[in-house]
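For reference, the chains in residue letters:
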Amino acid sequence: MSSARDLFLAIETSCDETSVAIVADGTETLANVVSSQVEIHAPFGGVVPEVASRAHLQNLEPVLTQALRQAVVEPDDLTAVAATHGPGLIGALLVGVTAAKTLALAWNKPYVGVNHLEGHIFAAFLERPDVRLPMITLLVSGGHTSLVHVRDRGEYTVVGSTIDDAAGEAFDKVARYLGLGYPGGPVIDRIASGFAGEPIAFPRGLMDDSLDFSFSGMKTAVVNYVRKHPDTPNDAIAAGFQDAVVDVLITKTMQAVKRHGVISACLGGGVAANSALRRRFEVACDDLGVDSLVPSRQFCTDNAAMIAAAAHWRLRHDGPTPLSGGATPSLGLGS
Ligand code: KG4
Ligand code: ZN
């Protein structure tokens with residue numbers, strides 16, 4: 001393969017997905033291999049950090065080999081090697097960072113450390129490199145719920161965030177309480193989609209003028225409701241809970257869009273795979289006359305293609321990350 005293009009190999013191991021991607025010129029995904037640890041963590045009802053690190057160690061080599069094979073790329077063709085260096089679980093991050101730095105050294109390529117949250121923002125540019133900025137991105141995952149004002153690539157202000165649970169965490173906790181298993185988001189999405197009746201009306205948290213979110217009260221409302229009405233079918237509860245969460249996410253995002261006068265709005269993070277959220281997001285953006293960016297599901301949940309896309313821009317903007325660079329579990333956007 002000719003190396004006329006910029007080819008970035010990226011590694012993502014911040015939580016429970018081991019992923020390696022190869023992306024050309026920041027937008028063309030040649031390979032995006034994801035090995036999920038969901039089945040390993042499911043019996044525990046959530047991600048066990050120690051178990052995640054060990055699984056990354058085992059999975060990384062086969063995932064890397066598969067990605068290189070699928071992309072038909074030789075290490076020599078690569079422009080740089082990147083890895084997520086935060087935020088995330090420290091043991092899990094260290095596996096990816098150490099592997100990327102070792103490969104960079106062995107292959108004599110620059111190393112680029114990437115912020116996972118910036119990766120979720122860049123997921124949209126993989127499919128829509130022509131997107132018009134500024135935009136508001138709603139970042140919703142198992143660990144994060146934030147509204148980010150993206151003035152330009154690399155210029156971010158967090159204008160709202162959760163004051164307690166992340167949206168994905170609330171989905172996971174409610175699913176666990178209802179005995180639906182882990183992770184909760186996809187199963188709640190599925191059973192809510194098949195429900196044709198009247199969803200239970202749950203309260204919406206923090207529906208004030210602020211752009212912050214609160215989901216822990218909504219989760220408690222579900223628990224209290226089930227205690228009082230134990231015969232209510234799970235699908236009516238799941239549909240009601242999902243309605244309430246999506247309502248809050250859409251309302252706050254559209255408030256942010258109006259307040260900051262942006263021309264585009266974007267979804268990112270694992271919860272952005274939710275069908276009701278995706279549908280209502282498009283409609284709400286249309287109503288406000290802003291461009292909506294809803295990345296395909298494979299680029300919403302954790303993946304290395306989005307890390308490669310962000311690394312492509314970061315290398316040009318900041319140059320390589322020193323090989324002495326570490327991993328930062330609580331890395332924020334703009335830090
Ligand atoms: O971004 P992600 O893959 O990993 C983190 O960085 O957290 O997000 C995982 C979260 C989990 O909480 C999962 O339940 C949620 O995303 N999720 C969903 C859906 N698919 C995944 N939540 C709602 N609906 C879905 N379809
Ligand atoms: Zn994520």
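What you are looking at is a predicted structure, and each value in this text was computed from that prediction instead of being measured. (Residues numbered from 1 in each chain as written. Chains lettered and ligands numbered in written order. Predicted model: local features only at pLDDT ≥ 70, side-chain atom pairs only at ≥ 80, totals over all residues. Heavy atoms only, no water.)

Tracing the backbone through its elements, the reader meets Glu118 in helix α4 (residues 116-127). Judged by relative accessible area, Glu118 falls into the buried class, the value being 3%. Glu118 sits 214 residues away from Gly332 along the chain, and the two C-alpha atoms are 9.4 Å apart. Apart from the residues lying within four places of it in its own chain, the contact partners of Glu118 are Gly154, Tyr156, Ala310, Trp313, Arg314 and Leu333. (Helix = DSSP H or I, 4+ residues; strand = E, 2+ residues; numbered from the N terminus. Buried < 20%, exposed > 50% of the residue type's maximum accessible area, 1.4 Å probe, protein only. Contact = heavy atoms within 4.5 Å.)

We now examine the packing of helix α6 (residues 184-193) against helix α8 (residues 234-260). Contact geometry of α6 with α8 gives a least axis separation of 8 Å together with a crossing angle of 110 degrees. Considering their axes alone, α6 and α8 lie roughly perpendicular with respect to each other. Touching Ile188, Asp189, Ile191 and Ala192 of α6 are Asn234, Asp235, Ala238, Ala239, Phe241 and Gln242, all from α8. Its residues assigned to classes, the contact of α6 with α8 comprises six nonpolar, two polar and two charged. (Axes fitted to C-alpha atoms, helices over the stretch in contact; angles between N-to-C directions. Parallel < 35°, antiparallel > 145°, perpendicular 65-115°, else oblique. Nonpolar A, V, L, I, M, F, W, Y, C, P; charged D, E, K, R; others polar.)

Moving on, we get to the domain arrangement of the chain. If you check the domain split of the chain, you get domain 1 (7-121 + 299-318) and domain 2 (132-298). Look at where the C-alpha atoms of domain 1 and domain 2 centre, and you get two points 26 Å apart. Summing both partners gives a buried area of about 1,700 Å² for domain 1 against domain 2, and 66% of it is carried by carbon and sulfur. Per-residue buried area on domain 1 facing domain 2 is highest for Ile121, Phe299 and Cys300; these three make up 40% of the total on that side. On the surface where domain 1 and domain 2 come into contact, there are zero salt bridges. On inspection of domain 1 and its partner domain 2, the count reaches eleven residue pairs in polar contact (both at pLDDT 80 or more). (Domains from an automatic or database assignment. Buried area = accessible area lost by both parts, 1.4 Å probe. Salt bridge = Lys/Arg side-chain N within 4 Å of Asp/Glu carboxyl O. Polar contact = N/O pair within 3.5 Å; in protein donor to acceptor, adjacent residues only side chain to side chain.)

Another aspect to go through is the site of ligand 1. Close to ligand 1 lie 19 residues; Gly142, Asp172, Gly185, Asp189 and Gly270 are nearest. Between an oxygen atom of ligand 1 and a main-chain N or O atom of Gly168, the distance comes to 3.2 Å. Here ligand 1 has 550 Å² of accessible area as a free molecule, and 89% of this is covered by the chains. When contributions to the shell around ligand 1 are tallied by element, the ones reaching two or more residues are α4, α5 (167-177) and α6. Taken together, the residues of the shell around ligand 1 break down into four nonpolar, twelve polar and three charged. Each of two domains, domain 1 (7-121 + 299-318) and domain 2 (132-298), supplies a minimum of three residues to the shell around ligand 1. (Near = heavy atom within 4 Å. Areas by Shrake-Rupley, 256 points an atom, 1.4 Å probe, with all protein chains shown as cover.)

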